[in-house]
Amino acid sequence: MARKLVLITGASSGIGEAMARVFAKKGWDLALVARREDRLKALAEEMKAQNGVDSLIIAADLAKPGEPERIVAEIEKAGRHVDGLVNNAGAGQPGYFTETGWADQERFLQLMVTAYLQLIHLVLPGMEERNFGRIINVSSVSALLPIATGHTRFSGTIYPGAKSLLIKVAQAIKAEMTGKNVHATAVCPGYTWSEFHDVNGARKSISQLPSYWMLTAEEVAVSAYDAVERNVACRVPGAWYKFMTAMMRILPDPVGEWLIAQQSRRSLQRAQARKASAE
Ligand SMILES: NC(=O)c1ccc[n+]([C@@H]2O[C@H](COP(=O)([O-])OP(=O)(O)OC[C@H]3O[C@@H](n4cnc5c(N)ncnc54)[C@H](OP(=O)(O)O)[C@@H]3O)[C@@H](O)[C@H]2O)c1
């Protein structure tokens, strides 16, 4: 029997690369997508040597419209279909809303929302027909916590809202696929070691957080795989973030907002102090 195939976006680093390692260890073939093709090729070779699985490499810029259709068409041209989808590729949009142009926000929405939804829309009918599918949306704990400006200034004003949408969509698909072997999960990581904070410029701020705030990409991927197998619609990896999100459900909104605002104020003060000492 042919091995199942999982399409993973943003597989060239961080959480996406860790997802590829977890799925490959479980015996899945991979369709690896990102812009840095050399990294995808190296990962594919490593997964072949370690786990004997095959990979399709598809270099794509998901901030450009039309890429989801091309990716799925390439997979079909190779005689394969998508059994699993990990919607993960992403980057922040630094700057407050008033400081950024609409073209940047549109690009962000294409990469972080439209491409995710379009990929699901392209592969879900086949999953339903074959009565097998696993979909993971990489969301964020920011979707479950009060807004922190110390976070949105690096990741983007729309970021928490975009990540909230991914949770609701996973929940809706899980509901629509009730009784079928098609599962959908949104995994909601907190701060995770990856290249994300190098790309959005927050690395110095993040490096001052206590170590229990930091997750590894592997922890996130293992948790996400477990959640999608169990058909859990929303999973928060890590004890600290489970505690934080549980507290926010219990506390009155103003108290939760005050706590997050304090944390955010401290991180902005640290950033300003660093800027001042560099000048
Ligand atoms: N790190 C965190 O603290 C954290 C927390 C919560 C949620 N997340 C989410 O986790 C996901 C993965 O991020 P990460 O932390 O693993 O960061 P990362 O190490 O920077 O990985 C981002 C991945 O997305 C790909 N990517 C970025 N822009 C792309 C584009 N235009 N087209 C195609 N691929 C693109 C990158 O590949 P190329 O550059 O090669 O294209 C890379 O493989 C993101 O959706 C992020 O929002 C991260």
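Along each chain, residues carry numbers from 1 onward, in the same order as the chain's sequence is written. Restriction of local features to residues with pLDDT of at least 70 applies here, the model being predicted, together with a cutoff of 80 or more for giving and counting side-chain atom pairs; totals for whole chains, interfaces and linings are based on all residues. Note that water and hydrogens are dropped before the side-chain values are worked out from all heavy atoms of the structure.

You'll find the protein chain entered in an unreviewed UniProt entry as SDR family oxidoreductase, with Hyphobacterium lacteum given as the organism. Per UniProt, the protein chain carries the Sequence similarities (unreviewed entry) text "Belongs to the short-chain dehydrogenases/reductases (SDR) family." UniProt positions are given in the numbering used here, feature names are shortened, and annotations may be inferred rather than shown by experiment.

Novice: Before we move on, can you summarise the site of the ligand with the specific residues and values?
Specialist: Around the ligand, the structure places 32 residues, and the nearest of them are Ser13, Arg35, Arg36, Tyr159 and Ser194. Contacts described as polar in this section are N or O atom pairs within 3.5 Å, which, within protein, must combine one atom able to donate a hydrogen with one able to accept it, while residues neighboring in sequence count only if both atoms come from side chains. Taking Arg35, its side chain carries an N or O atom lying 2.7 Å from an oxygen atom of the ligand. The contact in question runs from an oxygen atom of the ligand to an N or O atom on the backbone of Thr192, over 2.8 Å. Surface accessibility follows the Shrake-Rupley procedure with a 1.4 Å probe radius. Residue values consider only the protein chains on display as shielding. Relative to its unbound accessible surface of 880 Å², the ligand loses 96% to contact with the protein. Being near a molecule or strand, for a residue, means having at least one of its heavy atoms within 4 Å of it.

Novice: Outline the pairing of strand S3 (residues 55-59), listing residues and values.
Specialist: Bridge count between strand S2 (residues 29-34) and S3: five bridges; the pairing is parallel. Opposite Val33, over in S3, you have Ile58 as the bridge partner. Two strands qualify as a pair provided DSSP detects at least 2 bridges between them. Only runs of H or I of at least four residues qualify as helices and only runs of E of at least two qualify as strands under DSSP, and these elements are numbered from the N terminus.

Novice: Residue-level account of helix H3 (residues 67-77), with values.
Specialist: For every residue, the accessible area (1.4 Å probe, protein chains only) is compared with the maximum for its type, and the residue is labelled buried under 20%, exposed over 50%, or partly exposed between those bounds. Every buried residue of H3 is listed here: Glu67, Pro68, Ile71, Val72 and Ile75. Buried residues of H3, seen end-on, are gathered within an arc of 130 degrees and therefore sit on one face of the element. In this structure, H3 carries Glu76 and Lys77 as exposed residues pointing more than 90 degrees from its buried face. We call two residues contacting when some pair of their heavy atoms lies within 4.5 Å. Elements in contact with the buried residues of H3: strand S1 (5-9), S2, S3 and helix H4 (102-130). Directly after H3, the chain includes Gly79, whose backbone phi takes a positive value near 80 degrees. Here the arc refers to the directions that run from the helix axis out to each C-beta atom.

Novice: Quick rundown of the environment of Arg235? Include the residues and the values.
Specialist: Within the element layout of this structure, Arg235 appears in strand S7 (residues 234-235). Overall, the relative accessible area of 16% leaves Arg235 in the buried class. Along the primary structure Arg235 and Pro189 are separated by 46 residues, whereas in three dimensions their C-alpha atoms are 8.4 Å apart. With sequence-adjacent residues up to four places away left out, Arg235 is seen in contact with Ala186, Val187, Cys188, Ser223, Asp226, Ala227 and Arg230.

Novice: Help me get a handle on the side chain of Thr152, residues and values and all.
Specialist: Here Thr152 shows up in helix H5 (residues 149-155). With a relative accessible area of 6%, Thr152 lands in the buried category. Contacts of Thr152, omitting those with residues within four sequence positions, involve Gly95, Tyr96, Ile147, Thr157 and Pro160.

Novice: Can you tell me about the state of the cysteines, naming the residues and giving the values?
Specialist: Put plainly, a disulfide is one covalent bond tying together the sulfur atoms of two cysteines. The disulfide criterion is simple: two cysteine sulfur atoms within 2.5 Å. This structure, assessed with the given rule, holds zero disulfides. Of all cysteine sulfurs, the one in Cys234 lies closest to Cys188, which takes part in no disulfide; the gap is 3.7 Å. Residue Cys234 is classed as partly exposed on the basis of its relative accessible area of 27%.

Novice: An account of the packing of aromatic side chains is needed here, citing residue identities and associated values.
Specialist: Each Phe, Tyr or Trp ring, with Trp reduced to its six-membered ring, pairs with another whose centre is within 6.5 Å; inter-plane angles below 30 degrees give stacked pairs, above 60 give edge-to-face pairs, and intermediate values give tilted ones. Scanning the model with the defined rule gives 10 aromatic pairs in all. For the ring pair Phe23 and Trp28, a centre distance of 5.0 Å and an interplane angle of 90 degrees mean the geometry is edge-to-face. For the pair Phe23 and Trp28, one class covers both residues: buried. A positively charged side chain is recorded as over a ring if its NZ (Lys) or CZ (Arg) lies within 6 Å of the ring centre. The angle to the ring normal must also be within 35 degrees. Taking NZ or CZ as reference, Lys4 lies 4.3 Å from the ring centre of Phe132, over its face.

Novice: Lay out the pattern of salt bridges in plain terms, naming residues and giving numbers.
Specialist: The term salt bridge refers to a pairing of a side-chain nitrogen on Lys or Arg with a carboxyl oxygen on Asp or Glu at a separation within 4 Å. For the structure on display, the rule yields 16 salt bridges. The closest approach of N and O atoms between Arg21 and Glu46, which form a salt bridge, is 2.7 Å. Taken together, the positions of Arg21 in helix H1 (residues 14-25) and Glu46 in helix H2 (residues 37-51) put the pair 25 residues apart, joining distant regions of the chain. Judged by its relative accessible area of 28%, Arg21 falls in the partly exposed class. Classification of Glu46 by relative accessible area gives partly exposed; the value is 30%. Arg39 is the partner of Glu195 in a salt bridge, and the nearest nitrogen-oxygen pair spans 2.7 Å. With a gap of 156 residues between them, Glu195 in the loop between strand S6 (182-187) and helix H7 (196-199) and Arg39 in helix H2 connect regions that are remote in the sequence. Taking relative accessible area as the criterion, Glu195 reaches 24% and is therefore assigned partly exposed. Ionic contacts of the salt-bridge type, sharing partners, join the residues Arg3, Asp29, Lys48, Asp54 and Arg80 into one network.

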